[in-house]
Amino acid sequence: MMNHPIHNRRSSTTTMKAIKTPVGRDAAISHLKPKTTRLSTQGPEECPLTGFPLLNSPFYNKGSAFNLEERKAFNLVGLLPSQVNTLDEQVTRAYDQFRTRKDDLAKNSFMDSLRVQNKVLFYQLVKRHVKEMLPIIYTPTIGDAIEGYSHRFRKPEGCFLDITKPEAIEESLANFGSDQDVDVAVITDGSAILGIGDWSIQGILIAVGKSNIITLAGGINPKRIIAIGVDVGTNNKKLLDDELYMGNRFPRVEGKEYYDFMDKVITAYKNRFPSSVLHFEDFNTDAASTLLHTYRDKLACFNDDIQGTGCVVVASIKAALKVSSRSFTDSKYLIYGAGSAGMGIATQIQLNLVTSGLSLEEARSKIYLMDRYGLITDTTEASPAQHDFAKPDSEWEGINKKSLVDVIAEIKPTVLIGCSTQPKSFNEQVVKEMYKYNKSPIVFPLSNPTRLHEAFPVDIMKWTDNNALIATGSPFEPVDGYVISENNNCFSFPGIVLGSVLARSTKITDEMISAAVECLSDMSPKLKNPKAGLLPDISEIQEVSANVATAVVLQSVREGTAKVEGEKVPNDGYVKVPRSFEKCLEWVKSQMWTPEYRPYVKVEYVPEIKSQY
């Protein structure tokens, strides 16, 4: 919970003593403590604010939903209209206001404003209109908001860390509480924001946006999440020349100086919030990989760009293989486009093949990479990571390695994945070549935006007589009644983060991510309905996250990285995680924050004189 000035008054001779006062109809239950861990969402909530500070707090403000007893108890008399609204009525009003905004950026601005006024109302509104609002509060609209951040700035959100002031890191983090007050932090240096590049400190909005999804889908209390923006300068000339730009006006710091500063940041974060999860977001490829591999065994950390995308893609692949009665370990995988996205997917396929029983060498033999120069072989000029999957050049003599059709004819892959940003590269000849060797070819055109897709689902289905199994990188309408699933990261990272938080995992292991993949693939609607999608509908995102989190918790417990069972619960001894999936799922759901107004217990802080003797 974020500290407020009223919490912090201390002197050498006094401390603050909390006096709790039940309010109105909730007086009879104010003494009850929910039998849950730190994510408690049950029963009354302590509220230390009154009057205008209360109305100005997005975490405590109920706006017109404060009842008459609360208005009297919390010094709100005369500060609100006489009518007391329900949350439902507030949502209706807010949605009407949302719909009057003329374009997506204006709607994004409205939602930003609502979020910093009333968190419960914001999340309840998004929850009820998730398909309509997810593209507004996150991608793609958030990209436009990031580009205009310094010009649209109204009220700060998040924690801002400046490379020129490393001595202020600990003080900055301390503003967000002590070791029991934070469950998750989303951190970015703004170097690789979505597809728009380096926006430095303006990238704080991507951390805020990711935090929104973690709360919405993963049920983490918004009071317990920090969005962290790291300002190490920028190479974006547009920002450097902008007189209103709010970040450091010097070229981006790189190399040892950069990593030394990041080490100070991550070390300070771990020391202050030792049982929380650190979520890396939109770092450039080199920094993302280096930071994840440097710190993943030192604290619970996760990189959605490296791990989350691959997690969802592999879940879609596994679902498609289950639907078509094929083996994951016996299949072959051709990834067309070996950039950061393609390599992330290749790595996740490899990890899941290994956790499925193959050796590392066997797993890599199943994965083929193509870049703009063709199939990657041992004589190809490529990065060390790409060379891990290189095939012997001697086996490809006389074959056109630059021709996707010829490579498919030689490999006969089960799965074709596009990360190339080469529009229409999966043409009729390519798709029909896949169809020649597969009764149900698995074809995933994943490049974004839509105009860069390797192929459109309607064409793939036409060329395969509606037998292809498809997942895409953007939303598409159904084809002849067949639902086309979007490989949306929202199906993976909120559940992985929630499970790691609930388990108090010391680290997030490959096996935990594999457990999430397997769980997500088992939830495929296509297993029951051949015309359904490979992934669940986005409207089911909370249920999906709860199931994924359960799989992660149980895996963490099995492998000994979970520390939650040493944690004490008020009035109920120590936490015991249920070992059955269904019982554990019930426990996980009981821990998930939901956007509902809770009754308040008034907390007043008064001086308590301490003897100096």
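Details of the structure are given in the entry above.
Residues numbered from 1 in each chain as written. Predicted model: local features only at pLDDT ≥ 70, side-chain atom pairs only at ≥ 80, totals over all residues. Heavy atoms only, no water.

A.B. asks: How do you make sense of the overall build of the protein chain when you look at a structure like this?
C.D. replies: Helix and strand counts for the protein chain come out as 24 helices and 15 strands. A globule of 613 residues ought to have a C-alpha radius of gyration of about 25 Å, and the protein chain, at 26 Å, matches this closely. Along the longest, intermediate and shortest principal axes, the C-alpha atoms of the protein chain span 90 × 50 × 50 Å. The buried share among the 613 residues of the protein chain stands at 56%. The contacts of the protein chain with a sequence gap of at least 6 include a subset with a gap of at least 24, amounting to 72%. Of the roughly 26,200 Å² of accessible surface on the protein chain, 50% is carried by carbon and sulfur atoms. With 70 positive and 74 negative side-chain charges, the protein chain shows a spacing of 6 Å between the two charge centroids. (Helix = DSSP H or I, 4+ residues; strand = E, 2+ residues; numbered from the N terminus. Rg over C-alpha atoms; globule rule 2.2 N^0.38 Å. Buried < 20%, exposed > 50% of the residue type's maximum accessible area, 1.4 Å probe, protein only. Contact = heavy atoms within 4.5 Å. Areas by Shrake-Rupley, 256 points an atom, 1.4 Å probe, with all protein chains shown as cover. Lys, Arg positive; Asp, Glu negative; His and termini not counted. Charge placed at Lys NZ, Arg CZ, Asp CG, Glu CD.)

A.B. asks: Whenever I open this one, the pairing of strand β4 (residues 184-188) confuses me. Can you help?
C.D. replies: With five of its five residues buried, β4 lies for the most part within the structure. Burial along β4 is two-sided: Val-184, Val-186 and Thr-188 facing one way and Ala-185 and Ile-187 facing the other are all buried. Bridging between β4 and strand β5 (residues 225-231) involves five bridges; their strand directions are parallel. Its bridge partner being in β5, Ala-185 is matched across the sheet by Ile-226. After leaving β4, the chain enters helix α10 (residues 204-218) and then returns to the sheet as β5, a path that is right-handed. Where β4 meets strand β6 (residues 277-280), four bridges bridge the pair, whose relative direction is parallel. Within the sheet, the bridge partner assigned to Val-184 lies in β6 and is Val-277. (Pairing = 2+ DSSP bridges. Right-handed = clockwise from strand over helix to strand, strands pointing away.)

A.B. asks: Would you mind going over the nonpolar core with me for this structure?
C.D. replies: A general tendency of soluble globular proteins is for nonpolar side chains to be buried together. Judged by nonpolar contacts, the single largest core of 121 residues is most densely connected at Met-111, Ile-317, Ile-349, Ile-417 and Val-588. It is helix α23 (residues 541-559) that contributes the most residues to this core, 10 residues altogether. Setting aside residues up to four positions removed in sequence, Val-588 forms contacts with Leu-498, Leu-502, Ala-546, Ala-549, Thr-550 and Val-553. One finds Leu-173, Val-232, Tyr-258 and Tyr-269 within the second-largest nonpolar core, a separate group that totals 33 residues. (Core = buried A, V, L, I, M, F, W, Y, C linked by side-chain atoms within 4.5 Å.)

A.B. asks: Looking at this structure, I do not really get the packing of aromatic side chains. What am I missing?
C.D. replies: How two aromatic rings sit relative to each other is set out by the distance from centre to centre and by the angle between their planes. Under the criterion given, the structure shown has 14 aromatic pairs. Taken together, a centroid distance of 6.0 Å and an interplanar angle of 75° make the contact between Phe-74 and Tyr-600 edge-to-face. Placement of the pair is Phe-74 in the loop between α2 (68-73) and α3 (87-100) and Tyr-600 in strand β15 (residues 600-609), with a sequence separation of 526 residues. Between Tyr-95 and Phe-98, the aromatic rings sit 6.2 Å apart at their centres with planes inclined by 15°, giving stacked as the arrangement. Taken as a pair, Tyr-95 and Phe-98 lie in helix α3 at a separation of three residues, close to a single helical turn. The pair formed by Tyr-95 and Phe-98 is uniform in burial state, with each residue classed as buried. Through a chain of ring-to-ring contacts, the aromatic side chains of Tyr-60, Phe-66, Phe-74 and Tyr-600 assemble into a single cluster. One cation-aromatic arrangement involves Lys-318 over Phe-328; the distance from NZ or CZ to the ring centre is 4.7 Å. (Phe/Tyr/Trp six-rings, centres within 6.5 Å; stacked < 30°, edge-to-face > 60°. Lys NZ or Arg CZ within 6 Å of the ring centre and 35° of its normal.)

A.B. asks: Is there a simple way to think about the sheet that holds strand β10 (residues 374-375) in this case?
C.D. replies: In a beta sheet, neighbouring strands are held together by backbone hydrogen bonds and run either parallel or antiparallel to one another. Taken in spatial order, the seven strands of this open sheet run β10-β9-β8-β11-β12-β13-β14, and their pairing is mixed. Single-partner strands in this sheet number two, and they are β10 and β14 (485-486). Bridge analysis of strand β13 (residues 469-472) against β14 gives two bridges, and the strand direction is parallel. Bridge pairing links Ala-471 to Ser-485 in β14.

A.B. asks: I'm lost on the packing of helix α21 (residues 493-503) against α23 in this one. Help?
C.D. replies: Two quantities define a packed helix pair, namely the angle between the axes and the distance from one axis to the other. Between α21 and α23, whose axes approach to 7 Å, the crossing angle comes to 45°. Considering their axes alone, α21 and α23 lie oblique with respect to each other. Read as a crossing pair, α21 and α23 show a hand that is right-handed. Contact residues: α21 offers Pro-494, Gly-495, Ile-496, Leu-498, Gly-499, Ser-500, Leu-502 and Ala-503, while α23 offers Ser-545, Val-548, Ala-549, Val-552, Val-553 and Ser-556. Residues belonging to the contact of α21 with α23 are distributed by class as follows: nine nonpolar, five polar and no charged. (Axes fitted to C-alpha atoms, helices over the stretch in contact; angles between N-to-C directions. Parallel < 35°, antiparallel > 145°, perpendicular 65-115°, else oblique. Left-handed = near helix turned anticlockwise from the far one by under 90°. Nonpolar A, V, L, I, M, F, W, Y, C, P; charged D, E, K, R; others polar.)

A.B. asks: When you look at the pattern of salt bridges in this model, what are you seeing that I'm missing?
C.D. replies: Should their charged atoms come close, side chains of opposite charge can pair. Within the structure shown, the criterion is met by 27 salt bridges. With a closest N to O distance of 3.6 Å, Asp-297 and Lys-507 form a salt bridge. Highlighted residues: Asp-297 in the loop between α13 (285-295) and β7 (301-303) and Lys-507 in the loop between α21 and α22 (510-522), separated in sequence by 210 residues. Looking at Asp-297, the relative accessible area reads 57%, which means it is exposed. One network of salt bridges, in which partners are shared, links Asp-112, Arg-115, Lys-119 and Glu-157. (Salt bridge = Lys/Arg side-chain N within 4 Å of Asp/Glu carboxyl O.)

A.B. asks: What's the story with the sheet that holds β4 in this structure? I'm lost.
C.D. replies: What the five strands build is an open sheet, ordered β3-β5-β4-β6-β7; its pairing is parallel. Pairing within the sheet leaves two strands with one partner each, and these edge strands are β3 (159-162) and β7. Neighbouring strand axes in the sheet, compared pairwise and without regard to direction, differ in orientation by 25° on average. Pairing analysis gives three bridges linking β6 to β7, with the strands arranged parallel. From the neighbouring strand, Phe-280 faces β7, where its bridge partner is Asn-303. Relative to the sheet, α13 contacts β6 and β7, its axis offset from that of β7 by approximately 155°. Contacts from α21 reach β4, β6 and β7 within the one sheet, and its direction differs from that of β6 by about 155°.

A.B. asks: Looking at this structure, I do not really get the packing of helix α4 (residues 104-115) against helix α5 (residues 119-128). What am I missing?
C.D. replies: With their axes 7 Å apart at the nearest point, α4 and α5 run at an angle of 140° to one another. When the axis of α4 is compared with that of α5, the two are oblique. Counted together, Met-111, Leu-114 and Arg-115 of α4 and Lys-119, Leu-121, Phe-122, Leu-125 and Val-126 of α5 form the full contact between these two elements. Of the residues contributing to the contact of α4 with α5, the split by class is six nonpolar, no polar and two charged.

A.B. asks: Would you explain unusual backbone geometry in this entry?
C.D. replies: Of all residues except glycine, most have a negative phi; of all peptide bonds, most are trans. The peptide bond linking Thr-139 to Pro-140 adopts the cis configuration, its omega dihedral lying at 10°. Residue position: Pro-140 is located in the loop between α6 (130-137) and α7 (141-147). The phi torsion at Ser-200 lies on the positive side, around 45°, for a residue other than glycine. Structurally, the position occupied by Ser-200 is in the loop between β4 and α10. With relative accessibility at 1%, the residue Ser-200 sits in the buried group.

A.B. asks: Before we go on, may I ask you to explain the pairing of strand β9 (residues 367-371) in this structure?
C.D. replies: One face of the sheet, then the other: side chains in a regular strand alternate in exactly this way. Burial within β9 is extensive, with five of its five residues counted as buried. Because side chains alternate across β9, one face comprises the buried residues Ile-367, Leu-369 and Asp-371, and the other comprises Tyr-368 and Met-370, equally buried. With four bridges connecting them, strand β8 (residues 333-336) and β9 associate as parallel partners. Its bridge partner lying in β9, Tyr-333 is registered against Ile-367. By the bridge criterion, two bridges tie β9 to β10 in an arrangement that is antiparallel. Within β10, the position partnered with Met-370 by the bridge is Leu-375. Counted along the chain from β9 to the antiparallel partner β10, the turn is two residues long.

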